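# Architecture and fold: a report
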Amino acid sequence: MKTVLTADELRAVLLQTPAYRNALAILNDEWGSHAQENPLYQAPMSIADLRFVAHLQAVGFHAPVLDFTDYRAVSEWISAHQAALTPDVIAWLRRPFD
């Protein structure tokens, strides 16, 4: 089955919405500088952000930066980005391996 972006995801890409900018910051490993845009509130990455990243990678929009199916890759990525992740997001990333 071929992966396609949902209508909302495609709209987000076309309009460059905050959801798209979040996904792009993750894909370009720029979350830290992205979060510094608002120093009073540095939001953690969300599950929705990472789902969007997975979809953008799956359709070939961006070169893969995280193999969501590889335990080692996910564990290393979590370690490298732990400051921007909540326990719920970490649990979601590890869910396929439980």
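Residues numbered from 1 in each chain as written. Predicted model: local features only at pLDDT ≥ 70, side-chain atom pairs only at ≥ 80, totals over all residues. Heavy atoms only, no water.

## Quick word on the overall build of the protein chain
Counted only if it meets this: The helix and strand labels rest on DSSP assignments: H or I over at least four residues marks a helix, E over at least two residues marks a strand, and numbering proceeds from the N terminus. Only protein chains enter the accessibility calculation, which uses a 1.4 Å probe; a residue is then buried when its area is under 20% of its type maximum, exposed when over 50%, and partly exposed in between. In what follows, a contact means two residues having at least one pair of non-hydrogen atoms within 4.5 Å. Computed by Shrake-Rupley with a 1.4 Å probe, the accessible areas treat only the displayed protein chains as cover when residues are assessed.
Summing up its helical and strand segments, the protein chain has six helices and zero strands in all. The helix and strand sequence of the protein chain, counted from the amino end, reads α-α-α-α-α-α. A total of 98 residues make up the protein chain; the buried ones form 34% of that total. Long-range pairs, those at least 24 residues apart, make up 57% of the contacts in the protein chain between residues at least 6 apart in sequence. Here the protein chain has roughly 6400 Å² of accessible surface; of this, 55% comes from carbon and sulfur atoms.

## Notes on a nonpolar patch on the surface
Put simply, the rule reads: Patch members must show over 30% relative accessible area and no salt bridge, and they are joined within 9 Å when carrying like charges or within 5 Å when they are nonpolar side chains of Val, Leu, Ile, Met, Phe, Trp or Tyr. Just to be clear on terms, a salt bridge is a Lys or Arg side-chain nitrogen sitting within 4 Å of an Asp or Glu carboxyl oxygen.
Together, L10, L14 and L15 make up a nonpolar patch on the protein surface, roughly 340 Å² of accessible area in all. Its place among the elements puts L10 in helix α1 (residues 7-15). Take L10: its relative accessible area is 42%, and that puts it in the partly exposed class.

## A look at the packing of α1 against helix α4 (residues 47-58)
The line we're drawing: To obtain each axis, a line is fitted to C-alpha atoms, and for helices this fit is confined to the stretch in contact; angles are then taken between N-to-C directions over 0 to 180 degrees. Angle categories are assigned with fixed cut-offs, so that under 35 degrees is roughly parallel, over 145 is roughly antiparallel, 65 to 115 is roughly perpendicular, and the rest are oblique. Any residue outside Ala, Val, Leu, Ile, Met, Phe, Trp, Tyr, Cys, Pro, Asp, Glu, Lys and Arg is labelled polar, Gly included; the first ten of those are nonpolar and the last four are charged.
Relative orientation of the contacting elements α1 and α4 amounts to 85°, with a least axis distance of 12 Å. On the basis of their axis angle, the class for α1 and α4 is roughly perpendicular. Counting all contacts with α1, which are made through E9, A12 and V13, the residues of α4 involved are F52, H55 and L56. Looking at side-chain class alone, the contact of α1 with α4 contains four nonpolar, one polar and one charged residues.

## Focus on the pattern of salt bridges
Going through the model one piece at a time under the given rule, you end up with two salt bridges. Residue R11 is joined to D8 by a salt bridge in which the shortest nitrogen-to-oxygen separation is 2.7 Å. Remark: D8 and R11 occur in helix α1; sequence separation between them is three residues, near one turn of the helix. One salt bridge in this structure joins E76 and R72, with 3.0 Å as the shortest N-O distance. Of the two residues, E76 and R72 both sit in helix α5 (residues 71-81), four residues apart, roughly one turn of that helix. The exposure class of R72 is exposed, given its relative accessible area of 62%.

## A look at the environment of A63
Examined against the element boundaries, A63 turns out to sit in the loop between α4 and α5. In this structure, the C-alpha to C-alpha distance between A63 and N28, residues 35 residues apart in sequence, is 9.7 Å. Excluding residues that lie within four positions of it along the chain, A63 makes contacts with L27 and Q57.

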